[in-house]
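Residue-level structure breakdown
For reference, the chains in residue letters:
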Amino acid sequence: MHQALYRKYRPSTFDDVVGQEHITSVLSWEVANNKVNHAYVFCGSAGTGKTSCAKILAKAVNCENPVNGNPCNCCYSCKQIDAGASVEVLEMDAASNTGVDYIRDIRDEVIFTPSEMGTKVYIIDEVHMLSEGAFNALLKTLEEPPKSVIFILATTEIQDIPATILSRCQRFDFKRLSTHDIVSRLEYIASQESLKVQKEAAVLIAHLAQGGMRDAVSLFELCIDRDGNVTEDNVRSAAGIVGRETVIETVRAVAENKTDRILRSFRRYTVLLRIYRYLFRI
Ligand SMILES: [Zn+2]
């Protein structure tokens, strides 16, 4: 089965993460020195590495042979977590689970978890979407954090998180990635995949993605032509006609396998292409 490039080239250690050294150096130090916190908040715009870092941290604290605070990615625990089969690491999307019951379930579970089982890591994505009641339940858990449990709260909207929650978390702000970082990563992927990418094409993709690596890699993948080239023209024809928003919406839909959204985007492409053809009589 085809694996999307952005999944294939997701960083698997802190050292692999591009452009967030101010965060990854601290996290790997904390793991190596047994100074991991009970709660973290990872904030920053989409595709800057929040979820990747959360997974790496979850692996690192459970890894049987960590290397300088990085997970080994070879042991049983690392492999289970990578396969999404670990009972220690639980991910939830607050956009679809805003309810207080869910957080209460976590609290009950946390209290009765035997500590010899390793470190439980709860990753709550889009945490700003939680209801007020759910935030209160979460706050109670963070006020008396049980041993061997870590909460990682990820959000694009830090201003919507109650200050009481923030004050109990170690906060990390993920930066938008620089054009240089994105271009280097695309060139690296191209070399690994035996593809040819024009420098101008990589720079244009980096601009369109506005600092988000996931969007950049997904757009890059859409612009590969039959001969394995990514040219500036390929990128322009994707971006120039339809505008950045539609392009980004489409690459996200493809990346997330949302068929209905892909179709909607393509319908928009078709309409725009028809207008374009009409105007230029081609
Ligand atoms: Zn390991």
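Residues numbered from 1 in each chain as written. Predicted model: local features only at pLDDT ≥ 70, side-chain atom pairs only at ≥ 80, totals over all residues. Heavy atoms only, no water.

What about the overall build of the protein chain?
When helices and strands are tallied, the protein chain shows 13 helices and 7 strands. Out of the 282 residues belonging to the protein chain, those deemed buried represent 45%. Considering only residue pairs separated by 6 or more positions, the protein chain has 74% of its internal contacts joining residues 24 or more positions apart. When the accessible surface of the protein chain is split by element, carbon and sulfur atoms take 49% of a total near 14,900 Å². (Helix = DSSP H or I, 4+ residues; strand = E, 2+ residues; numbered from the N terminus. Buried < 20%, exposed > 50% of the residue type's maximum accessible area, 1.4 Å probe, protein only. Contact = heavy atoms within 4.5 Å. Areas by Shrake-Rupley, 256 points an atom, 1.4 Å probe, with all protein chains shown as cover.)

Re the nonpolar core
If you look at the biggest cluster of nonpolar residues, it comprises 32 residues, and the most contacted ones within it are Ile-205, Phe-220, Val-230 and Val-235. At the level of secondary structure, the elements contributing two or more residues to this core comprise helix H1 (5-8), helix H8 (179-192), helix H9 (199-209), helix H10 (213-222), helix H11 (232-242) and helix H12 (244-255). Ranked by the residues each element gives to this core, the list is headed by H9, at 7 residues. Both of domain 1 (5-173) and domain 2 (179-280) provide at least three residues apiece to this core. Residues in contact with Ile-205, not counting those within four places in the same chain, are Leu-186, Ala-216, Leu-219, Phe-220, Val-230 and Val-235. (Core = buried A, V, L, I, M, F, W, Y, C linked by side-chain atoms within 4.5 Å. Domains from an automatic or database assignment.)

Overview of the pattern of salt bridges
Scanning the model with the defined rule gives 7 salt bridges in all. We note a salt bridge from Asp-82 to Lys-59, for which the minimum N-O separation is 3.1 Å. Within this pair, whereas Asp-82 is found in helix H4 (residues 76-82), its partner Lys-59 is found in helix H3 (residues 50-62), the two being separated by 23 residues in sequence. Residues Arg-236 and Glu-232 are paired through a salt bridge, measuring 3.0 Å at the closest nitrogen-oxygen approach. Linking Arg-236 with Glu-232, this pair stays in helix H11, spanning 4 residues, or about one helical turn. The partly exposed category is assigned to Arg-236, whose relative accessible area is 44%. What makes Glu-232 partly exposed here is its relative accessible area of 23%. (Salt bridge = Lys/Arg side-chain N within 4 Å of Asp/Glu carboxyl O.)

With respect to the coordination of the zinc ion
Summarising the metal site, the zinc ion is bound by the protein donors Cys-63 (SG), Cys-72 (SG), Cys-75 (SG) and Cys-78 (SG), whose distances to it range over 2.3 to 2.4 Å. Seen from the zinc ion, its 4 donor atoms lie at angles of 98 to 120 degrees, and the figure they make is tetrahedral. Mapped onto the sequence, the residues coordinating the zinc ion show the spacing C-x8-C-x2-C-x2-C. Accessibility expressed as a relative area gives 7% for Cys-75, which makes it buried. (Donors = N, O, S within 2.8 Å, 3.2 Å for Na, K, Ca; no water. Tetrahedral: all angles 85-135°; square planar, octahedral: opposite > 155°, others 65-115°.)

Brief notes about the packing of H8 against H9
Following both chains from N to C, one finds H8 and H9 inclined at 125 degrees, their axes separated by 9 Å at the closest point. Accordingly, the angle class assigned to the pair H8 and H9 is oblique. Crossing hand, H8 versus H9: right-handed. Between H8 and H9, the residues in contact are Thr-179, Ile-182, Val-183, Leu-186 and Glu-187 and Lys-199, Ala-202, Val-203, Ile-205, Ala-206 and His-207, respectively. (Axes fitted to C-alpha atoms, helices over the stretch in contact; angles between N-to-C directions. Parallel < 35°, antiparallel > 145°, perpendicular 65-115°, else oblique. Left-handed = near helix turned anticlockwise from the far one by under 90°.)

Things to note about the layout of surface pockets
In this structure, the largest pocket spans a volume of roughly 900 Å³. Along the wall of the largest pocket there are 36 residues; nearest its centre are Tyr-6, Arg-10, Gly-47, Thr-51 and Arg-214. Of all the elements in the fold, those that place two or more residues in the lining of the largest pocket are H1, H3, strand S2 (89-93), strand S3 (120-125), strand S4 (149-155), H8, H10 and H12. In terms of residues, the lining of the largest pocket owes the most to one element, H3, which gives 4 residues. A per-class count over the lining of the largest pocket returns 15 nonpolar, 7 polar and 14 charged. (1 Å grid on protein atoms, 1.4 Å probe; cavity = no way out; pocket = protein on both sides within 12 Å on 5 of 7 lines; lining within 4 Å. Points joined across faces, edges and corners; volume = space filled by probe spheres on them. Nonpolar A, V, L, I, M, F, W, Y, C, P; charged D, E, K, R; others polar.)

Side note on empty space enclosed by the protein
One pass over the full model with this rule turns up 1 cavity of 30 Å³ or more. There is about 30 Å³ of room inside the largest cavity. Lining the largest cavity are His-38, Thr-141, Leu-142, Pro-145, Pro-146, Val-149 and Phe-151. If you list the elements that add at least two residues to the lining of the largest cavity, you get helix H6 (132-143) and S4. Looking at the lining of the largest cavity residue by residue, the class counts come to 5 nonpolar, 2 polar and no charged.

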